[in-house]
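Given next are the chains, with one letter for each unit.
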Amino acid sequence: MPVAHINGGHIHYQIEGLPNAPALVLSNSLCTNFAMWDAEMPELRKHFRVLRYDTRGHGQSEVTPGPYSFEQLGRDVLALADETDIGNFSFCGLSMGGVTGMWLGINAGKRVHKLALCSTAAKIGKPDTWNARIDAVRKGGTKSIAAATMERWFTPSFREREPQTVQRVQHMVESTSAEGFIACCEALREADFRESISAIRTPTLVISGTHDSGTTPADGKFLAKQIAGARYVELDAAHLSNIEQHERFTQEVSDFLREPRATSAR
C-alpha cells in the first residue's frame with residue numbers, strides 16, 4: 001500500500017472508490033489504524049473517493065519523535081491531500097480523528113466540504129488521566145492497557161455478541177507503537193478547542209454513543225451547540241460507534257455527506 005513522505009514523516013494510506021467522485025478522508029482513533037473503517041468501506045466507496053490513512057505514530061505510518069500536536073496532525077492531512085491530488089474534501093474522524101477534524105474545521109475550513117465529528121469532544125479527558133495512561137504504556141507497552149480499553153470502547157452486550165470483532169480491535173491496540181501512543185496522548189492532553197470550536201462554519205455532523213464514558217453524549221451535544229447548524233445523532237453504542245453500530249453509523253454519515261451542501265446543516 002502507498003506511503004507518502006510528508007511533514008518529515010512517512011504516512012501510510014489507501015485510496016478506494018470512484019476516481020472522479022467527491023473526496024472523503026477518514027481519520028482513526030487513538031490506538032487503532034485505518035482498518036477500523038473496514039465496515040464502512042463497502043458503502044462509502046460507492047459514492048466517494050475515500051482516503052484512509054494511519055495517523056502519525058500508528059499502524060504502518062512512521063513513529064516520529066513526539067510529542068505531537070493537532071496542528072501537526074492536521075497539517076499531515078492537508079499535505080496528504082495535496083500529495084494525492086485532492087483539493088477540497090469531506091472529513092470523518094472518530095475520537096482522536098475527530099479532534100484532528102476540529103483543527104481542520106477551525107484552521108482550514110475552505111478545504112473541508114463537510115465534517116463528521118464522531119465519538120469525540122472539544123476537550124477529551126483530564127491531564128491526570130492522560131498521564132496515567134502514558135505511564136502505564138511506558139512501563140508495559142500498549143498490551144498492558146488493551147483489555148481495559150475494550151471495556152471502555154464496547155458495551156458488555158456487544159463484547160458478548162461479537163467477540164471476534166472485539167479481539168480484532170484489541171489486536172490493533174496491542175500492535176500500536178508505545179512511542180506513537182504516547183506522542184498522540186500528549187497531543188490529546190494539551191488539546192482544548194472549547195473556546196474556538198464555534199469558529200467552524202463547515203456543515204457538521206456530530207455522532208455520539210449513548211454509553212460512551214470517555215467522550216460522552218454531553219460532549220457531543222456541546223459540539224453541536226457550539227457549531228452553527230450542526231446536526232447531532234446519538235447511537236446505542238459505547239466509544240467505537242462506527243464498529244458497534246456500523247450499519248446505522250455508515251448510513252448517517254453517508255446520507256449527511258451526500259446531501260446538497262445548501263441544505264445539509266440544519
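Residues numbered from 1 in each chain as written. Predicted model: local features only at pLDDT ≥ 70, side-chain atom pairs only at ≥ 80, totals over all residues. Heavy atoms only, no water.

K.L.:
Describe the sheet that holds strand β7 (residues 204–209), naming the residues involved and giving the relevant values.
P.N.:
Spatially, β1-β2-β4-β3-β5-β6-β7-β8 is the arrangement adopted by the eight strands of the open sheet, whose pairing is mixed. Of all the strands in the sheet, the pair left with one neighbour each is β1 (3–6) and β8 (231–235). Each neighbouring strand pair of the sheet contributes to a mean axis angle of 25°, computed without reference to strand direction. Along the sheet, helix α3 (residues 96–107) makes contact with β3 (23–27), β4 (49–53), β5 (89–94) and β6 (112–118), crossing β5 at roughly 145°. (Pairing = 2+ DSSP bridges. Helix = DSSP H or I, 4+ residues; strand = E, 2+ residues; numbered from the N terminus. Axes fitted to C-alpha atoms, helices over the stretch in contact; angles between N-to-C directions. Contact = heavy atoms within 4.5 Å.)

K.L.:
Residue-level account of the nonpolar core, with values.
P.N.:
One recurring pattern in soluble globular proteins is that nonpolar side chains are buried together. In this structure, F70 and F89 are the most contacted members of the largest nonpolar core, which totals 85 residues. When sequence neighbours within four positions are dropped, the list of residues in contact with F70 reads M96, V99, T100, W103, A187, L188, A191 and F193. (Core = buried A, V, L, I, M, F, W, Y, C linked by side-chain atoms within 4.5 Å. Buried < 20%, exposed > 50% of the residue type's maximum accessible area, 1.4 Å probe, protein only.)

K.L.:
Account for the environment of Y13, naming residues and giving values.
P.N.:
Its place among the elements puts Y13 in strand β2 (residues 9–17). Look at Y13 and you get buried, because its relative accessible area is 13%. For the pair formed by Y13 and G209, sequence separation is 196 residues and the distance between their alpha carbons is 27 Å. Residues contacting Y13, with those up to four places away along its chain left out, are M1, P2, V3, A4, F34, L51, R52, Y53, L80 and T84.

K.L.:
I'd like to hear about unusual backbone geometry, residue by residue, with values.
P.N.:
A cis amide bond, omega -5°, links G66 with the succeeding residue P67. Positive phi outside glycine occurs at N7, with the angle close to 50°. Considering the arrangement of structural elements, one finds N7 in the loop between β1 and β2. Judged by relative accessible area, which is 42%, N7 ranks as partly exposed. Within the chain, S119 stands out as a residue other than glycine whose phi angle is a positive 45°. By the element assignment, S119 lies in the loop between β6 and α4 (127–140). What makes S119 buried here is its relative accessible area of 0%.

K.L.:
Residues and numbers for the packing of aromatic side chains, please.
P.N.:
Inspection of the entire model under this criterion finds two aromatic pairs. Relative to F158, the ring of F154 lies with its centre 5.1 Å away and its plane at 25°, an arrangement referred to as stacked. Given a relative accessible area of 4%, F158 falls into the buried group. We note R133 situated over the ring of W130; from NZ or CZ to the ring centre the distance is 5.1 Å. (Phe/Tyr/Trp six-rings, centres within 6.5 Å; stacked < 30°, edge-to-face > 60°. Lys NZ or Arg CZ within 6 Å of the ring centre and 35° of its normal.)

K.L.:
Residues and numbers for the packing of helix α5 (residues 143–153) against helix α7 (residues 163–175), please.
P.N.:
Close contact between α5 and α7 brings their axes to 9 Å; oriented N to C, the two are set at 140°. One way to sum up the angle between α5 and α7 is to call them oblique. Judged by the twist between their axes, the crossing of α5 over α7 is right-handed. In contact with K143, A146, A147, T149, M150 and W153 of α5, α7 contributes V166, V169, Q170, V173 and E174. Tallied by class, residues from the contact of α5 with α7 come to seven nonpolar, two polar and two charged. (Parallel < 35°, antiparallel > 145°, perpendicular 65-115°, else oblique. Left-handed = near helix turned anticlockwise from the far one by under 90°. Nonpolar A, V, L, I, M, F, W, Y, C, P; charged D, E, K, R; others polar.)

K.L.:
Provide a residue-level description of the side chain of E252, including the pertinent values.
P.N.:
With respect to the element layout, E252 can be found in helix α11 (residues 246–258). Beyond its immediate stretch of four places on either side in the chain, E252 contacts L205, I207 and V233.

K.L.:
Let's hear about the pairing of β3: which residues, and what values?
P.N.:
In regular strands, side chains alternate between the two faces of the sheet. With five of five residues buried, β3 lies mostly within the body of the structure. Covered by surrounding structure in β3 are A23, V25 and S27 together with L24 and L26, the residues of both alternating faces. Here β3 pairs with β4 via five bridges, running parallel. By the bridge assignment, L26 is partnered in β4 with R52. Bridge count between β3 and β5: four bridges; the pairing is parallel. From the neighbouring strand, L26 faces β5, where its bridge partner is C92.

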